[in-house]
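Overview (structure and organization)
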Amino acid sequence: MWIWRAKRCSNDGLHEKTKMSELNKLFKERKKNKKSSFIGFVTSGDPNYKSSKEIMKEMTKYCQVIEAGVSFNTSTSDSPIIMEANDRAIKSGMNMSKTFKLINEVKKETKTDTPFVLMTYLNPIIVYGIKKFIRSCQKTGIAGVIIVDASLNSPEEKFIINGLTKKNIGYIKIISPTNSEKFIQSSIKNCKNSWIYITSYYGLTGSKNVNIQNVRKLVKIVRKYSKDIPIGVGFGIKTSKQIKDVSKYADATIVGSAIVNKIKEGTENGKYGRNLATFIGSYLKKLTK
Amino acid sequence: MWIWRAKRCSNDGLHEKTKMSELNKLFKERKKNKKSSFIGFVTSGDPNYKSSKEIMKEMTKYCQVIEAGVSFNTSTSDSPIIMEANDRAIKSGMNMSKTFKLINEVKKETKTDTPFVLMTYLNPIIVYGIKKFIRSCQKTGIAGVIIVDASLNSPEEKFIINGLTKKNIGYIKIISPTNSEKFIQSSIKNCKNSWIYITSYYGLTGSKNVNIQNVRKLVKIVRKYSKDIPIGVGFGIKTSKQIKDVSKYADATIVGSAIVNKIKEGTENGKYGRNLATFIGSYLKKLTK
Amino acid sequence: MKIPPFKEINPPDKFGYWTNKKTGEKFGGQYISSLLVPNLKRVEDGFFKAMKDKKFLKELEEDLNTFIGVQTPIHFSKTLTELAGGEKKIGKIYLKRTDLHTNHSHKPISAYACCKLAKYLGFKKILTETGAFQNGRAVASACASLGLKLDIYVGANDAKKLAINKDISALHGARIIEVHDSTKSLLPAMAAALRAFQSEPDSMYVVGSVAGPMPYPLMVRTFASVIGRITKKQFKNLVGKDPSTLFAVCGGGSNFSAIAYPYYKSKKPDLYAVESAGDGIKTGRHGSTIGGGGKMGILLGMQSKVLLNGENVAESFTAASGLDFSSIGPEVAYMHSIGRVKFLTTTDLQAKKTFMMMARKHGLICAIEACYVIFAAIKEIRKRKNPRENHLIHLCGSGEPNVAQMMDFMKKQK
Amino acid sequence: MKIPPFKEINPPDKFGYWTNKKTGEKFGGQYISSLLVPNLKRVEDGFFKAMKDKKFLKELEEDLNTFIGVQTPIHFSKTLTELAGGEKKIGKIYLKRTDLHTNHSHKPISAYACCKLAKYLGFKKILTETGAFQNGRAVASACASLGLKLDIYVGANDAKKLAINKDISALHGARIIEVHDSTKSLLPAMAAALRAFQSEPDSMYVVGSVAGPMPYPLMVRTFASVIGRITKKQFKNLVGKDPSTLFAVCGGGSNFSAIAYPYYKSKKPDLYAVESAGDGIKTGRHGSTIGGGGKMGILLGMQSKVLLNGENVAESFTAASGLDFSSIGPEVAYMHSIGRVKFLTTTDLQAKKTFMMMARKHGLICAIEACYVIFAAIKEIRKRKNPRENHLIHLCGSGEPNVAQMMDFMKKQK
Ligand SMILES: Cc1ncc(COP(=O)(O)O)c(C=O)c1O
Ligand SMILES: Cc1ncc(COP(=O)(O)O)c(C=O)c1O
């Protein structure tokens, strides 16, 4: 499937293709070595632009992929922990274009090849402009995009998927234990050029503990419709033990609330910039060892 | 008419007849000397039993008639000034039987022949008992009774008038500038054995100044229906000048709120008992000279 | 629906008395100072004239229908029916939704009608009294809508209390006059309003219940009976016959007679009036004129049953400001004396618990006054235990004014 | 009167969009996380099933008639007619008395109907959001009466404010959950309720207006349109024809569509929606999504016009808590985009003065929300200057919750 994608988008230049392959390769290679990939989530600009940049730079050392949230004040799917991070970022003046700038700078300054995935809502994209958004993703070298409230029937999603696909940027859908097989099947279709995001329970990020039972069930269903689409699992993963458990079933594990909570803790203890970044770094070191 | 009354009630013994005649004689005699009678009103038991007794004793020196109010907490016709007096009296434990006791003691202790008129509402009479009330009036030597809320059509009024008349005690009705001639005529009928009370204006005692215009008009109407019924005038008389002016038209002038106000003033300045009584006495002296 | 026209089925005699022929007791009358005679005559004559004036009646009907909103529904209450034992045991319980009126109680009907009469008779201003501004608000709204001035007399102690209906009366432009006499509560306020009526010939007095000198008790129940006239017809349409029982709360009695009047002369329904037993009749702190052994007395221009304290009128005690009255209207007292109306009592605590139950289980914020009747009704209906009966409870008002009081109660209950 | 049955005259497409064919703009849709998909499907399927279930509809009709009391009158307002210039100049002004419902606004209809649907579908608990507890109270009352549990999400700042409807919601037994996100006001509270919906599969979300992801905008206007269906018939009976103009206030749009829906496809009446201009559009402190130049945006599961602050949703400002919303329902936004509905604005000051005028001259304590529409209507009617017209204003609620605020205003005016 990836090949088909690459072909269809072959006129899009090497850069994007490489990135996508890299991400894909990453998952597969690590899987071969019985290693799952680790995806760390932060809200970009949390607690502010400078500190966030240091944190992301630090994260490149421990994360195979970084998921950067675009702050939105009327989020309908984030846990209170992430809502607070959004509030901190918005207060510090964060927005879509600064998010691109931030990621761009992280990439340049670290010379990392760690892929970045954006997590956002539709409204910031619409206001920023859909076409401009796709162009900026391409320019910044974004590897994939998650749009929480883009529903399967919305014209916006179709438009965005088309645009991203042309630029060889991955589009990632989230599925949960209560979704029907039909819904899961359609979602997989939309993720053809990337990976699918499984939530381990029905609820909000960070609100409960990861539910392995659900993960196994969902992986089974996904595999029914796709033999090889990479699977990422999130929601409720907080410990290295949980990462290991989930890794048995998934190509990637995603940790969000736990990291964001650490940022809050650090900030509340007066840490900023590099100071805060090393604080997060040592946490990630323990988590991922 | 008085003679007819006296005849009809001739079996009632000399005591009552004498009293009524005395009151009647008083009005007429003073009228002959171009002198009107002065009726002073106080709430009995205001501010308390002892002080009230001293006040009434003092009043016998200046008043040709004393009108004693029976305190009632739901009065529908008294000015706020008199309502306050009622409150003071009730608070000090005053009631109908104590009123009779008080007047009885005043009479005995002063050996005065100053007639007493009771002003009351129906409820205290009903609770005390109508028959008992009439008996007590007789025993105490009450000269007349005003019942503010006894209306012309009530069975209670008829019953009381009959009872009082038998005991040769006067029944006094109040009329006002807005009453119809028919009403005035009926009222006079009920006052046949006593005098009629004219209010100088439409309103509450003490709320305005006496209205001589109204008095002249009302006297004229009364005289149309009775050549000789004595006429008392009240409401808004506060100065000796006003007393003199009203006296031109009336057999008697009634001063209430002004005296009660003085009691309040004295009380508020810490005067009680004889002290308060002489304070009221010197006021009455000036007022009636 | 047209409002069924008024029919006089229980007239007082020409002096304004309802007389119990057996005991000779007389209820009503006109016990007033001579100074009030002309004013009352003007009102009385005007009232009888207006009741024959088709134009006046038509306009009044339209205003009541669309301004007060008197066409309120009758609600079959599954909740109360089940609470009382279920349909199979006690039949059905219905609620007449008088809480849905403009200003949320039965008071606005007679308040509006009396003010309309005042305007019809050329008065420029209204005088009234109030306790917790239930009547005050109703009259204030009517006066504002009819372009009449208004003085509201209120006991100084009552005036101190925070009350949403007090603020609303002020917003309607009413002048609020504090009365410092006696207990500084409703009774002296009513006396003060009557006294003002004696001073202001261009003003008409409007009373808050079926009390006061004639023609007030007659006039108020005649106007208020709009509720009963509509209810009687509605209930017949809904259930096919008259109710077996009818329960209404009784402070002064306007609420009771408003709904019960059209049934006075028929055998059915059994009529129940519910009084506030305050802390309990035995404590002496209550507002039950009948249930607490009130005696015949004369107050505020009428003869009726009264709670007495020696020769004076006693203070009443109740958590329901609308029931804080030491007497009851003469016609209701008469109906009780001839045995047509049974009286029941509910304590403040029982009423408050009923308020909470109605909020929690029925989704309704009832006037606390209505909670006295609901409690007593459920108890009585359980006793009657007759599955073929249909019971009607007068839900006489909504409970916004009681919210602060009930929040305190809820917190203490916890 | 029977409630005229619902007819779908303005259906969205199968994805939940109303599309302006000329501009291509799409309004509505279902913009939600995958986790919400099954919940919304259950609600959507359930809603369409219920709308075909005669037993459900019959029960709902009875409850609306006797529990909510939807058969409210239309009042010919002489006061407003004269204020606007008199019958000879502007025709007649009528008020639809939605203030007479149980809980005193239009909200209780859809709140009750949605909760009834929840019960029908086997949900045990309701989730909703509220600003000043107008929706909170309506849902709390419905839940209490239907035996459902309830969590009300409210912005932490809103929760601090004294509000009688907050206390009433608590008395009904609702759990009140404070939301500390973002502006701590209605918008984050709504987002929080939607998030809770994503966590509690046994709970049904109920929205306070015609907003949110499909089927909510459709469902709420379908239920709420009971008002319009009754009104249309009533007005024809009363006046002989449809009104020339119809004015309703528009926060989220439930109040507007509740009365205007049945007229969407006819030429008459001219439809006016009135927004709050807060301190004035120019100050930037306002709540006018249309009048203040809102743009297309996607929030709370829907696509519609939104007041934006960069990529985020802007805060709205208004003295009327019921109008404190930075967007409007998609169908109303669509009706505006195709030119069927005209939008007007009224400032807070104008609305407050109108409140005082209505209290003083009309005897009515109107919800402050209703005062925005009354002011704008009078202004527009004066402009139209057509003596042959009949105007209808939606008096959408009563003003008890605004009394404290208005007492302050009155004192400052003096
Ligand atoms: C809601 C309500 N119900 C009942 C009553 C009692 O009415 P009445 O005193 O006329 O019996 C009142 C009086 O204020 C009231 O407000
Ligand atoms: C009385 C009243 N009117 C109007 C509205 C506005 O309704 P909507 O937001 O649906 O337009 C509200 C909302 O709370 C309200 O309470």
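Scroll up to find the structure this text is about.
Right, let's walk through the structure included here. (Residues numbered from 1 in each chain as written. Chains lettered and ligands numbered in written order. Predicted model: local features only at pLDDT ≥ 70, side-chain atom pairs only at ≥ 80, totals over all residues. Heavy atoms only, no water.)

Observations concerning the sheet that holds strand β5 (residues 125–130) of chain D
Residue and element names in this part refer to chain D.
- The strand order across the open sheet built from 4 strands is β7-β6-β5-β8, with neighbouring strands paired in parallel fashion. Looking along the sheet, the strands with just one partner apiece sit at the ends: β7 (175–179) and β8 (203–206). The average angle at which neighbouring strand axes cross in this sheet is 25°, direction not considered.
- Sitting on the sheet, helix α9 (residues 186–197) touches β5, β6 (149–155), β7 and β8, and the angle it makes with β5 is about 160°. (Pairing = 2+ DSSP bridges. Helix = DSSP H or I, 4+ residues; strand = E, 2+ residues; numbered from the N terminus. Axes fitted to C-alpha atoms, helices over the stretch in contact; angles between N-to-C directions. Contact = heavy atoms within 4.5 Å.)

Observations regarding the pattern of salt bridges
All names here are of chain D.
- The full count for this structure, using the stated rule, is 74 salt bridges over all chains.
- The shortest N-O distance in the salt bridge between D63 and K116 comes to 2.8 Å. Taken together, the positions of D63 in helix α2 (residues 54–68) and K116 in helix α5 (residues 107–120) put the pair 53 residues apart, joining distant regions of the chain.
- Residue classification places D63 among the buried residues on the basis of a relative accessible area of 7%.
- Owing to a relative accessible area of 9%, K116 belongs among the buried residues under this scheme.
- Across the pair D99 and R97 runs a salt bridge, and its minimum N-O distance is 2.9 Å.
- The exposure class assigned to D99 is buried, which follows from its relative accessible area of 5%.
- Accessibility expressed as a relative area gives 0% for R97, which makes it buried. (Salt bridge = Lys/Arg side-chain N within 4 Å of Asp/Glu carboxyl O. Buried < 20%, exposed > 50% of the residue type's maximum accessible area, 1.4 Å probe, protein only.)

Overview of empty space enclosed by the protein
Residue and element names in this part refer to chain D.
- By the definition in use, this model includes 12 cavities of 30 Å³ or more.
- Taken as a whole, the largest cavity encloses approximately 460 Å³ of empty space.
- Lining the largest cavity are 36 residues, and of these K107, Q134, N135, G208 and G322 sit closest to its centre.
- Put simply, the parts of the chain that give the lining of the largest cavity at least two residues each are β5, α6 (134–146), α9 and α12 (254–260).
- Top contributing element to the lining of the largest cavity by residue count: α6, with 3 residues.
- A class-by-class count of the residues in the lining of the largest cavity yields 11 nonpolar, 20 polar and 5 charged.
- Here the lining of the largest cavity spans two domains, since at least three of its residues come from each of domain 1 (38–54 + 106–221) and domain 2 (69–104 + 225–413). (1 Å grid on protein atoms, 1.4 Å probe; cavity = no way out; pocket = protein on both sides within 12 Å on 5 of 7 lines; lining within 4 Å. Points joined across faces, edges and corners; volume = space filled by probe spheres on them. Nonpolar A, V, L, I, M, F, W, Y, C, P; charged D, E, K, R; others polar. Domains from an automatic or database assignment.)

Focus: the site of ligand 2
All names here are of chain D.
- Neighbouring ligand 2 are 18 residues, the closest being S209, G251, G252, G253 and S254.
- The separation between an oxygen atom of ligand 2 and a polar side-chain atom of Q134 is 3.0 Å.
- In the complex, the protein chains occlude 96% of the 390 Å² of accessible area that ligand 2 would expose alone.
- One can see that ligand 2 is located within the largest cavity. (Near = heavy atom within 4 Å. Polar contact = N/O pair within 3.5 Å; in protein donor to acceptor, adjacent residues only side chain to side chain. Areas by Shrake-Rupley, 256 points an atom, 1.4 Å probe, with all protein chains shown as cover. Sits in = over half its atoms within 2 Å of the grid points.)

Considering the interface of chain D and chain C
- Each partner contributes residues to the interface: chain D has 41 residues there, and chain C has 41 residues.
- A per-residue breakdown of the area chain D buries against chain C is headed by T66(D), L171(D) and E400(D), which together make up 19% of the total.
- On inspection of chain D and its partner chain C, the count reaches 2 salt bridges.
- Here chain D and chain C share 18 residue pairs in polar contact (both at pLDDT 80 or more) between them.
- The set of elements that each furnish at least two residues to the side of chain D that touches chain C consists of α2, β3 (74–76), α6, α8 (164–171), α14 (348–362) and α16 (403–413) of chain D.
- Looking at the side of chain D that touches chain C element by element, the count peaks at 6 residues for α14(D).
- Considering only residue class, the side of chain D that touches chain C consists of 20 nonpolar, 14 polar and 7 charged. (Buried area = accessible area lost by both parts, 1.4 Å probe.)

Focus: the environment of A277(D)
Residues and elements named next belong to chain D.
- Looking at where A277 falls in the secondary structure, it is placed in the loop between β10 (270–276) and β11 (295–299).
- Residue A277 is classed as buried on the basis of its relative accessible area of 2%.
- Distance from A277 to V43, taken between C-alpha atoms, is 35 Å for residues 234 residues apart in sequence.
- With near-sequence residues (within four places) excluded, A277 lies in contact with R285, H286, S288, T345, T346 and T347.

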